[in-house]
Amino acid sequence: MILQNDRLTVKINALGGELHAIRGADGTEYLWPGHPGYWMGQALNLFPFVGRLQGGAYLYRGKTYQLGTHGFVRHTVLSESKRSDVEGELFMEDSAQTRAQYPFRFRYSICYRLEGAALHVVYRVENKDDDILPFGIGGHPGFCVPMEKGLKFTDYRVRFPEAKDAKQVVLSDACLIPGQTADYDLGQAQAVALRHDLFDHDAIVLQNSGARAILERKDGKGRFVELSYPDCPYLGIWHAVCTDAPFVCLEPWATLPGREGVTEDFETSPMVLRLDPGAVYENRLCIRVGEATA
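Since the model is a prediction, treat every value here as computed from it, not as a measurement. (Residues numbered from 1 in each chain as written. Predicted model: local features only at pLDDT ≥ 70, side-chain atom pairs only at ≥ 80, totals over all residues. Heavy atoms only, no water.)

Undergrad: Is there a simple way to think about the pairing of strand S13 (residues 156-159) in this case?
TA: A regular strand carries its side chains on alternate faces of the sheet. Two strands pair when backbone bridges link them, and S13 and strand S18 (residues 212-217) are joined in this way by four bridges, in the antiparallel orientation. Counted as the bridge partner of Arg159 is Ile214 from S18. Direction of pairing for S13 relative to strand S16 (residues 191-193): antiparallel, over a ladder of three bridges. Directly across from Val158, in S16, lies its bridge partner Val192. (Pairing = 2+ DSSP bridges. Helix = DSSP H or I, 4+ residues; strand = E, 2+ residues; numbered from the N terminus.)

Take a look at the structure:
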C-alpha cells in the first residue's frame, strides 16, 4: 500500500501492517530501512502483548498458552479494508491459528492517514467475544540516525518537551519487569543525548515523558521526527544491542512486558488492558517530519 501527498510518500507492508517507508518530498528517507547486520524490522505493530512474557507463556482460566515476543500481528498478513491516496486501513480477525495462542474473538485494525507532513496512526481493537478481552498494544517504529550527510549518531538527541519527573522502568537481563522504577534525569534540555552504548543493556523505557518525543540534532537545526503518543504512558528508546546501528526506535507502549518470575494470569494481570464485550478501543499516534532552521 502506498499513500502520498505533496509532502510525504508512505509505504505500508501487508505483513504486520508495518510501515516500509516515510519519504519526504526532497527524497529524505526517515524510516529505518532494515538491515541484516543490525535489525531487519522497521516499524513493528505490537498486539496482543508488548515485549516478552516469563517463559513465553501466560495463564487464562487454568490453561497455559504460548505467546511470542510482541505478539502475533507482526507475523500476520493483514487485509485492506479502506484505501485512498492519503488514507489506508488494514485489519485482521481471530482465526483457529490465533485462538490456539490467544483464545479470544477480536478484530484488530491499523489506519494510516496523511495530513501535510504528518502521518496519523490509529490502532483499533474490537472485542467480538462474550468475555472481557485482555490485551497489550504498542508500536515499534525505527528512524534513521543521522538524517543528514556529514553528521554522526551522537549529534542527535531525543527531546521530551512535556516531560515532568521522568522515570525509567527498569528491565531485567531477560527484558522483563522486576517491579522497579528509577528517576531519569533528562537534564536542562529535557532530552536523552544519543550514544550507541546507551543500548548495551537493551531498551530505555520511560514513563512520565509527556506525550511527545522529538528526534533531532542537538543544535535544534536540520531534519527531525516528532512522535506524539497521547494514549501511551510509556515510551521505549532502543537500537540493536551492543552495535553502532544507525537508527533509533521510538516505541510508544500502552502496556508493559511481563513481570520477572511471574507467569501472568490474563484474568487478573496488571500488565494488560481489558475491554468489555462488544466494546472498541482506540489508540492514536502521529509521526511528523520536517526541517528546523533554529
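Undergrad: I keep staring at the nonpolar core and nothing clicks. Help me out?
TA: When a protein is soluble and globular, its nonpolar side chains tend to lie buried together. Within the largest apolar cluster, 71 residues are counted, with the highest numbers of intra-cluster contacts made by Leu19, Ile22, Tyr108, Phe160 and Leu215. The leading source of residues in this core is strand S9 (residues 106-115), at five residues. Not counting the four nearest positions on each side in its chain, Leu215 is found in contact with Phe143, Cys144, Val145, Met147, Arg157, Val158, Leu194, Arg223, Phe224, Val225, Val248 and Leu250. Of all hydrophobic cores here, the second largest spans 19 residues; its members include Trp39, Leu171, Phe247 and Cys249. (Core = buried A, V, L, I, M, F, W, Y, C linked by side-chain atoms within 4.5 Å. Buried < 20%, exposed > 50% of the residue type's maximum accessible area, 1.4 Å probe, protein only. Contact = heavy atoms within 4.5 Å.)

Undergrad: Honestly, the sheet that holds strand S2 (residues 8-12) in this entry has me stumped. Any pointers?
TA: Each strand in a sheet pairs with another by means of backbone hydrogen bonds, the pair being arranged parallel or else antiparallel. Taken in spatial order, the three strands line up as S1-S2-S3 in an open sheet, and their pairing is antiparallel. The strands lining the two open edges of the sheet, one partner per strand, are strand S1 (2-4) and strand S3 (19-24). On average, each strand axis in the sheet is tilted by 10 degrees relative to the strand beside it, whichever way the strands run. Strand direction decides the pairing type here: S2 and S3, joined by five bridges, are antiparallel. Residue pairing across strands places Leu8 opposite Gly24, the latter belonging to S3. (Axes fitted to C-alpha atoms, helices over the stretch in contact; angles between N-to-C directions.)

Undergrad: Can you walk me through the environment of Arg124 in this structure?
TA: Residue position: Arg124 is located in strand S10 (residues 118-127). Remark: the alpha-carbon pair of Arg124 and Arg259, spanning 135 residues in sequence, is separated by 26 Å. Excluding its chain neighbours within four sequence positions, the residues that come into contact with Arg124 are Arg107, Tyr108, Ser109, Val280, Tyr281 and Glu282. At 3.3 Å, the side chain of Arg124 and the side chain of Glu282 are in polar contact. (Polar contact = N/O pair within 3.5 Å; in protein donor to acceptor, adjacent residues only side chain to side chain.)

Undergrad: In this structure, what is going on with the sheet that holds strand S12 (residues 138-144)? I would like to understand it.
TA: The sheet built from seven strands is open, its strands ordered S4-S12-S21-S20-S17-S14-S15 with antiparallel pairing. Of all the strands in the sheet, just strand S4 (43-46) and strand S15 (181-183) have a single pairing partner and so form its edges. Here the average twist between neighbouring strands, direction ignored, is 25 degrees. Of the pairings in the sheet, the one linking S4 to S12 comprises four bridges and is antiparallel in character.

Undergrad: What's the story with the packing of aromatic side chains in this structure? I'm lost.
TA: Within a pair of aromatic rings, the relevant descriptors are the distance that separates the centres and the angle that separates the planes. In the structure shown here, the tally under the stated rule is 20 aromatic pairs. A ring pair is formed by Phe47 and Phe106, whose centres lie 5.4 Å apart and whose planes are at 55 degrees; its orientation type is tilted. Remark: Phe106 occurs in strand S9 and Phe47 occurs in the loop between S4 and strand S5 (57-60); sequence separation between them is 59 residues. Judged by relative accessible area, Phe106 falls into the buried class, the value being 0%. Relative to Phe266, the ring of Tyr58 has its centre 3.9 Å away and its plane inclined at 10 degrees; by these criteria the two rings are stacked. (Phe/Tyr/Trp six-rings, centres within 6.5 Å; stacked < 30°, edge-to-face > 60°.)

Undergrad: Got a minute to help me understand the environment of Ala57 in this structure?
TA: Here Ala57 shows up in strand S5. Expressed as a C-alpha distance, the spacing of Ala57 and Gly68, which sit 11 residues apart in the sequence, is 8.0 Å. Aside from chain neighbours lying at most four places away, what touches Ala57 is Thr64, Tyr65, Gln66 and Thr263.

Undergrad: Explain the state of the cysteines here, please?
TA: Such a bond, covalent and formed between the sulfur atoms of two cysteines, is termed a disulfide. With the rule as written, the count across this model stands at zero disulfides. Here Cys232 is not disulfide-linked; the sulfur of Cys286 is the nearest cysteine sulfur, at 13 Å. Looking at Cys232, the relative accessible area reads 5%, which means it is buried. Considering cysteine sulfurs only, Cys144 is the nearest to Cys249, which forms no disulfide, with 11 Å between them. (Disulfide = S-S within 2.5 Å.)

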